[in-house]
Amino acid sequence: MKSPRVIVLELDGWLARQLRELAAESRWLVRPVRSVDTALSLAQERSPAVLLVQFDPHNDAHPSLALIADAHRLAPDVPVVAVADSKLPDADRAAWTAALLDLGARYVLFPPLTKPVLEDVVSGLLTAAVRRVVGGDATLALPAPRRSTGVIDLADEDADP
């Protein structure tokens, strides 16, 4: 099995940067791309993958929308996460979410977007993709991320003499 991949179609590199640490810890590859054709080609390869697609909600003719539909049709096992590049009012977000889900996106994310949310979405989807390919227990192919929770257990400090 090839290494699990996170394919990221974006212009500014922010999404890929947010996932690099988690990907390194989990032995995934982050593949930033700038071309719709390259993203679709990578999604069609036979290995577990998640496709993140940045879209511009102010441009409903953007090629990333066609990519979401094509990836859903041509690579149905690859979950697609659509990520907006700008904030929208609630009504517009609801309309865009419905349209993108109809095109085949599994999740639709809008700013403000935090690193933990992005990591959780991608980690869950990639773990499920690996399970589909490997079967059974995906922990054989994906080690659990070693992220600090930031929680300090004061009971451990009291145990020291």
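Residues numbered from 1 in each chain as written. Predicted model: local features only at pLDDT ≥ 70, side-chain atom pairs only at ≥ 80, totals over all residues. Heavy atoms only, no water.

1. Here we look at the layout of surface pockets
1) Next: Computed from the structure, the largest pocket encloses a volume of approximately 290 Å³.
2) Next: Glu45, Arg46, Ser47, Asp77 and Val78 are, among the 15 residues lining the largest pocket, the residues nearest its centre.
3) Next: The element that contributes the greatest number of residues to the lining of the largest pocket is helix H5 (residues 115-134), accounting for 3 residues.
4) Next: Taken together, the residues of the lining of the largest pocket sort by class into 9 nonpolar, 2 polar and 4 charged. (1 Å grid on protein atoms, 1.4 Å probe; cavity = no way out; pocket = protein on both sides within 12 Å on 5 of 7 lines; lining within 4 Å. Points joined across faces, edges and corners; volume = space filled by probe spheres on them. Helix = DSSP H or I, 4+ residues; strand = E, 2+ residues; numbered from the N terminus. Nonpolar A, V, L, I, M, F, W, Y, C, P; charged D, E, K, R; others polar.)

2. Some remarks on helix H4 (residues 90-103)
1) Next: Spanning 14 residues, H4 covers 20 Å between terminal C-alpha atoms, matching the ideal 20 Å at 1.5 Å per step.
2) Next: Directly beyond the C-terminal end of H4, a positive phi value near 125° is found at Gly104. (Expected span 1.5 Å × (residues − 1).)

3. Examining the confidence of the model for the protein chain
1) Next: Looking at the protein chain as a whole, its pLDDT mean stands at 85, while 83% of the residues score no less than 70.
2) Next: A low-confidence stretch, residues 138-146 (pLDDT under 50), is modelled with 20 contacts involving residues beyond four sequence positions or located in other chains.
3) Next: With pLDDT under 50 throughout, residues 148-161 is counted as low confidence; its partners more than four residues away or in other chains account for 1 contact. (pLDDT = per-residue confidence, 0-100. Contact = heavy atoms within 4.5 Å.)

4. Digging into the environment of Val122
1) Next: Turning to its location among the elements, Val122 is positioned in helix H5.
2) Next: Assessed through its relative accessible area of 0%, Val122 is described here as buried.
3) Next: In this structure, the C-alpha to C-alpha distance between Val122 and Val6, residues 116 residues apart in sequence, is 7.9 Å.
4) Next: Not counting the four nearest positions on each side in its chain, Val122 is found in contact with Val6, Leu19, Trp28, Val50 and Leu52. (Buried < 20%, exposed > 50% of the residue type's maximum accessible area, 1.4 Å probe, protein only.)

5. So, the nonpolar core
1) Next: One finds Ile7, Leu51, Phe55 and Leu100 to be the most contacted residues of the largest nonpolar core, which totals 26 residues.
2) Next: Apart from the residues within four sequence positions on either side, Phe55 is in contact with Ser64, Leu65, Ala82, Val83, Ala84, Asp85, Trp96, Leu100, Val108 and Phe110.
3) Next: Counting residues in each nonpolar core, the second largest holds 21 residues, with Val8, Trp28, Leu52 and Leu118 among its members. (Core = buried A, V, L, I, M, F, W, Y, C linked by side-chain atoms within 4.5 Å.)

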